[in-house]
There are 4 protein chains.
Amino acid sequence: MYKKLKQKTLEANLKLREYGLAPFTWGNASQLDRGRRYMAIKPSGVDYSALTANDVCVIDLEDGSAVDGKLNPSTDAPTHMELYRRFTNVFGIVHTHSAYATAFAQARRPIPCYGTTHADYFYGEIPCARMLDAGEAGDEYEVNTGRVIAEALLELGLDPLAVPGALISGHGPFAWGGSAAEAAANAAYLEETARLAYLTCGLFPAGAEPAPLPKAIQDRHYFRKHGAGAYYGQAR
Amino acid sequence: MYKKLKQKTLEANLKLREYGLAPFTWGNASQLDRGRRYMAIKPSGVDYSALTANDVCVIDLEDGSAVDGKLNPSTDAPTHMELYRRFTNVFGIVHTHSAYATAFAQARRPIPCYGTTHADYFYGEIPCARMLDAGEAGDEYEVNTGRVIAEALLELGLDPLAVPGALISGHGPFAWGGSAAEAAANAAYLEETARLAYLTCGLFPAGAEPAPLPKAIQDRHYFRKHGAGAYYGQAR
Amino acid sequence: MYKKLKQKTLEANLKLREYGLAPFTWGNASQLDRGRRYMAIKPSGVDYSALTANDVCVIDLEDGSAVDGKLNPSTDAPTHMELYRRFTNVFGIVHTHSAYATAFAQARRPIPCYGTTHADYFYGEIPCARMLDAGEAGDEYEVNTGRVIAEALLELGLDPLAVPGALISGHGPFAWGGSAAEAAANAAYLEETARLAYLTCGLFPAGAEPAPLPKAIQDRHYFRKHGAGAYYGQAR
Amino acid sequence: MYKKLKQKTLEANLKLREYGLAPFTWGNASQLDRGRRYMAIKPSGVDYSALTANDVCVIDLEDGSAVDGKLNPSTDAPTHMELYRRFTNVFGIVHTHSAYATAFAQARRPIPCYGTTHADYFYGEIPCARMLDAGEAGDEYEVNTGRVIAEALLELGLDPLAVPGALISGHGPFAWGGSAAEAAANAAYLEETARLAYLTCGLFPAGAEPAPLPKAIQDRHYFRKHGAGAYYGQAR
């Protein structure tokens, strides 16, 4: 019944490992069905090498009840659910602990757009959601994590697909897209973007900061790949 | 007779190599038997690629005498023995020269908790044992190394399993756990934690320091994975 | 007809991936025919693992019209064309997003010659082309990119083959040579040179800068490998 | 006739590649015969993947004449020869462009002993030979390189085997030992030592410097592995 949904979810989870974004069991990918009713997600704490489509958990997006699968879903499932509720054109979400994105998250900083590699995939800076306070770190911790990410993103006044990722202060990155596979690819672009930004900052050792890429060039690169005037790739 | 003990010890030693924590012959893992009488440990200076269960040395924990095996045990054996005597719920110990943990050790600094990856496995900062003085670097060097690690850990007033690793000033990390396999996994988490902390510090180039993760979030993450209220993974 | 040209182009593109210079689809290599009339180049957005010689696009260098191949050429094709027009002894060009070279490009800095590894392949510093202004980032964006690279290079008053690479501010590196294969090798030397320069700068944390290699030693190394007096390798 | 000598030389050259110390063709290893008359060395500019024992060049140590082999020897051969003449208990030498050692060389700095990993293999700091002047970079360039390395080492008043490596300002490392295989291993220890020192320095961003390892602990570690009182490994 949920076979295709679970298979897609499995493949995106394995991509995280293949891209080197999720050491040990530190990452998870989810896929929403077309009707936005069922969310399929990695089970909690299961090693990628042992993961099968059958292990994937299916959850009702509205009430969070288990629909299919015998294992406990990822403890981050409520974060994914909250994001699906807020980002209504998103159908795939991933969370990783990839190193450079996590370094920016631990430093509690957004990733400024320093170059065209960034501009090719993210329209403007990659936001960093604010730190939760002690109350927010209580029972509703995972839902609150989703809330502050959505808040940080929606503050930009942009379509979530134009900035398909964000950092959580003191934690690490989330990325999303039109499918779990797209979300996994965006997580990989986010990590490479973070690495390039990190290396760039390293050339300014006296506390000076690199200048962001001029807006005209950010626009040129983003719109080479996205929107009606795109001219990158074969689909035109 | 000690077959199972030696096999477990072999497997943990090979894990060090697989995790990339022990370049060349720079690392060793030991396993204690359930009765806390016999310690099995890697022989000294033997390459991981040539290591067999038969090469593993078994030592009497009380008097340090050789019980089984024809090779010389790791020169660090007295450090392991001292730690087993002090940490009475620990059954596995590893020592590595993994790069980022060693950098903090050479800088003689503890690893502050900057993020949830750290908080998931270590409850609070990872301590750095003080430098030995010239006298302590004499005949009792290896035993003294164990003493200062135990001292640094027990000063925190915590169960050693809540902070399953520490650094030795000017040397490198030790990690431990309920078995040699757990100790090897904790050494890998320690290294990744050290790498993330290192990268985070690198974003503060003018001498400023990153802020530690708020206590409420450290607690939330640690207790998601440990203790009676844990809700991570499948065993609940 | 263009079989050999397309095969050489394919091989150079695959070298980019093999050298680790072009993550995802972020890179392209082109090869000019001996008569300087036809340019063969990677199609846009095609994954290296799926790329065949048949996919390679052949373009008329003069008017930019498609001569052979069904796919859209790389969006960077006009940059390659502009460089072939200006560098009349160059027959191969590559563009990558290799990390350390991109870090210098994002910092908008040339790569000074700090050591003999650099001097062996690049005669003097590797220039960084200036940032394009908003007008230049318009319809002629890719051609203008070629123009500022050529401008930065020709300002040095040198044969382009003596400094076979340059950075584009806010973007990444281009490299070139007597063939696409040579260009790909030069891109790899440029990346390793950038990495060594980056690491060297990292040892001067208080804002001080490393001293460049003395001119006499730069000359000695460059002319060990290039020109009439070369005595490196087997061809003498 | 020189079969064994050439085979040993081949194997040490392949080790440089296996250890990741010599990207492209950037490295060479040599082996001296027991009588200190013949030096076998890698041919110049030959790729490691194509190298066979038959390609290895044999040179008369006294007059530098070719004794066996049809290819041109490494351009660094005169440096090796000069070092063999000065270091009379050394039988193997290697030169690499390994990244962290080269970064220290480009920064023109010795590698201080910050930890026990260093002390296990190098007795005190790893020296950096002074920069050659314009005259020394002339016809006798390669011999002069050997001269300044020997000078830097012998100034320490130590047996070359106690500090089996050094850096050349603006260039990269040389390492040596009782055989080409030992020299290759020492080059690998030198690179890992350089990497650990580099990472340690990175934790002192405001220009402060890490403290060296106390002499008593340096001695303890060095003499655990070397000399009459050594107790590391199986040979005791």
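Residues numbered from 1 in each chain as written. Chains lettered and ligands numbered in written order. Predicted model: local features only at pLDDT ≥ 70, side-chain atom pairs only at ≥ 80, totals over all residues. Heavy atoms only, no water.

**Comments concerning the pattern of salt bridges**
Which entries qualify depends on this criterion: Here, a salt bridge means any side-chain nitrogen of Lys or Arg that lies within 4 Å of a carboxyl oxygen of Asp or Glu. For the purposes of this entry, the term helix denotes a DSSP run of H or I that reaches at least four residues, the term strand denotes a run of E that reaches at least two, and both are numbered from the N terminus. Burial classes: relative accessible area under 20% of the type maximum marks a residue as buried, over 50% as exposed, and values in between as partly exposed (1.4 Å probe, protein chains only).
Enumeration according to the criterion identifies 49 salt bridges over all chains in this entry. For R37 of chain C, the salt bridge identified is with D60 of chain C, shortest N-O distance 4.0 Å. You can see R37 of chain C sitting in the loop between β1 (27-32) and β2 (38-41) and its partner D60 of chain C sitting in strand β3 (residues 57-60), a full 23 residues away along the chain. What makes D60 of chain C buried here is its relative accessible area of 11%. Between R85 of chain D and E82 of chain D there is a salt bridge whose closest N-O contact spans 3.5 Å. Residue R85 of chain D and its partner E82 of chain D are both found in helix α2 (residues 77-86); the two are separated by three residues, about one turn of the helix. Overlapping salt bridges bring together D76 and E142 of chain A together with R224 of chain B as one network.

**Digging into the relation of the copies chain B and chain D**
Selection rule: Superposition of the copies was done by least squares, using only C-alpha atoms of residues whose pLDDT is at least 70 in both. The contact criterion used is simple: two residues touch if any of their non-hydrogen atoms lie within 4.5 Å.
It takes a turn of 90 degrees to lay chain B on chain D, together with a shift of 0.0 Å along the axis; the resulting RMSD is 0.0 Å. On this basis, the relationship between the two copies can be described by a four-fold rotation axis. A share of only 8% of interface residues in chain B that are also interface residues in chain D marks the association as one of differing surfaces.

**A few points about the interface of chain B and chain D**
The following threshold applies: As a working definition, buried area equals the accessible area (1.4 Å probe) given up by two parts on being put together, with both sides summed.
Across the boundary between the two partners, chain B contributes 38 residues, which contact 36 residues of chain D. Together, the buried faces of chain B and chain D total about 3,000 Å²; carbon and sulfur atoms form 57% of this surface. In this assembly, chain B and chain D are joined by three salt bridges. One salt bridge connects R220 of chain D with D139 of chain B, and the closest N-O pair in it is separated by 3.9 Å. Contributions of two or more residues to the side of chain B that touches chain D are made by α3 (99-106), α5 (141-154) and α6 (180-201) of chain B. Tallying contributions element by element places α3 of chain B first for the side of chain B that touches chain D, with six residues.

**Things to note about the relation of the copies chain A and chain C**
Take chain A, turn it by 90 degrees, move it 0.0 Å along the axis, and it overlays chain C with an RMSD of 0.0 Å. Mapped onto chain C, only 8% of the interface residues of chain A again fall at the interface, so the copies present different surfaces.

**Digging into the environment of N72 of chain A**
To keep things clear, this is the line we draw: Here a polar contact is recorded for every N or O atom pair within 3.5 Å, except that within protein the pair must consist of a potential hydrogen donor and a potential acceptor, and residues adjacent in sequence are included only if both atoms are side-chain atoms.
Topologically, N72 of chain A is positioned in the loop between β4 (66-68) and α2 (77-86). Separated by 27 residues in sequence, N72 of chain A and G45 of chain A place their C-alpha atoms 9.0 Å apart. Engagement of the side chain of N72 of chain A in a polar contact is seen with the backbone oxygen of G233 of chain B, the distance being 3.1 Å.

**Some words on the sheet that holds strand β1 (residues 27-32) of chain A**
Residue and element names in this part refer to chain A. Applicable threshold: Two strands are said to pair when DSSP picks up at least two bridges between them. Between the N-to-C directions of two axes lies an angle of 0 to 180 degrees, each axis being a line fitted to C-alpha atoms and, for a helix, fitted only over the stretch in contact.
Strand order in the open sheet made by the eight strands is β4-β3-β2-β1-β5-β8-β7-β6, with mixed pairing throughout. Where the open sheet ends on each side, the last strands, each with one partner, are β4 and β6 (128-129). With four bridges connecting them, strand β2 (residues 38-41) and strand β3 (residues 57-60) associate as antiparallel partners. Looking at β3, one finds that M39 is bridged to I59. Here helix α3 (residues 99-106) sits on the sheet and contacts β7 (165-168) and β8 (173-177); the angle it forms with β7, its principal contact strand, is near 55 degrees.

**Some words on the confidence of the model for chain A**
The test is simple: As a per-residue measure, pLDDT reflects the predictor's confidence and takes values from 0 up to 100.
Summarising the model, chain A shows a mean pLDDT of 95, and 99% of its residues fall at 70 or more. Interface confidence for the predicted complex, given as ipTM, is 0.96, next to a pTM of 0.96.

**Side note on the pairing of strand β7 (residues 165-168) of chain B**
Residues and elements named next belong to chain B. Across the two faces of β7 the burial is the same, with G165 and L167 and A166 and I168 all buried. Relative to β7, strand β6 (residues 128-129) is paired through two bridges, and the arrangement is parallel. When the bridges of β7 are listed, C128 appears paired with L167. Here β7 runs beside strand β8 (residues 173-177); their pairing, made up of three bridges, is antiparallel. From the neighbouring strand, G165 faces β8, where its bridge partner is A175. Taken together, β7 and the strand that follows it, β8, pair antiparallel across an intervening segment of four residues, in which G170 is found at a positive phi of about 75 degrees.

**Digging into the environment of A103 of chain C**
Mapping A103 of chain C onto the fold places it in helix α3 (residues 99-106). For A103 of chain C and G178 of chain C, which are 75 residues apart along the polypeptide, the C-alpha to C-alpha distance reads 27 Å.

**Concerning the side chain of D60 of chain A**
Residue and element names in this part refer to chain A. This is how it is decided: The charge count treats Lys and Arg as positive and Asp and Glu as negative. His and the chain ends do not count.
Salt bridges are absent for the buried D60, whose nearest opposite-charge side chain, R37, sits at 4.0 Å. From its side chain, D60 meets the backbone nitrogen of D63 in a polar contact 3.3 Å long. Beyond its immediate chain neighbours, meaning those up to four positions away, D60 contacts R37, Y38, S65, V67 and M81.

**Considerations on the side chain of D33 of chain C**
Residues and elements named next belong to chain C. With respect to the element layout, D33 can be found in the loop between β1 and β2. No salt bridge is formed by the buried D33; the nearest opposite charge belongs to R37, separated by 7.3 Å. Within the structure, the side chain of D33 is placed 2.7 Å from the backbone nitrogen of R37, a separation counted as a polar contact. In this structure, D33 is in contact with L5, Y38 and F91, ignoring residues within four places of it in sequence.

**Considerations on the sheet that holds β7 of chain B**
All names here are of chain B. In space, the eight strands of this open sheet follow the order β4-β3-β2-β1-β5-β8-β7-β6, with mixed pairing throughout. The open sheet terminates on both sides in strands that have one partner only, identified here as β4 (66-68) and β6. Along the sheet, helix α1 (residues 3-18) contacts β1 (27-32), β2 (38-41), β3 (57-60), β4 and β5 (92-96); its crossing angle with β1, the most-contacted strand, is approximately 150 degrees. Of the strands in this sheet, β6, β7 and β8 are in contact with α5, which crosses β7 at around 125 degrees.

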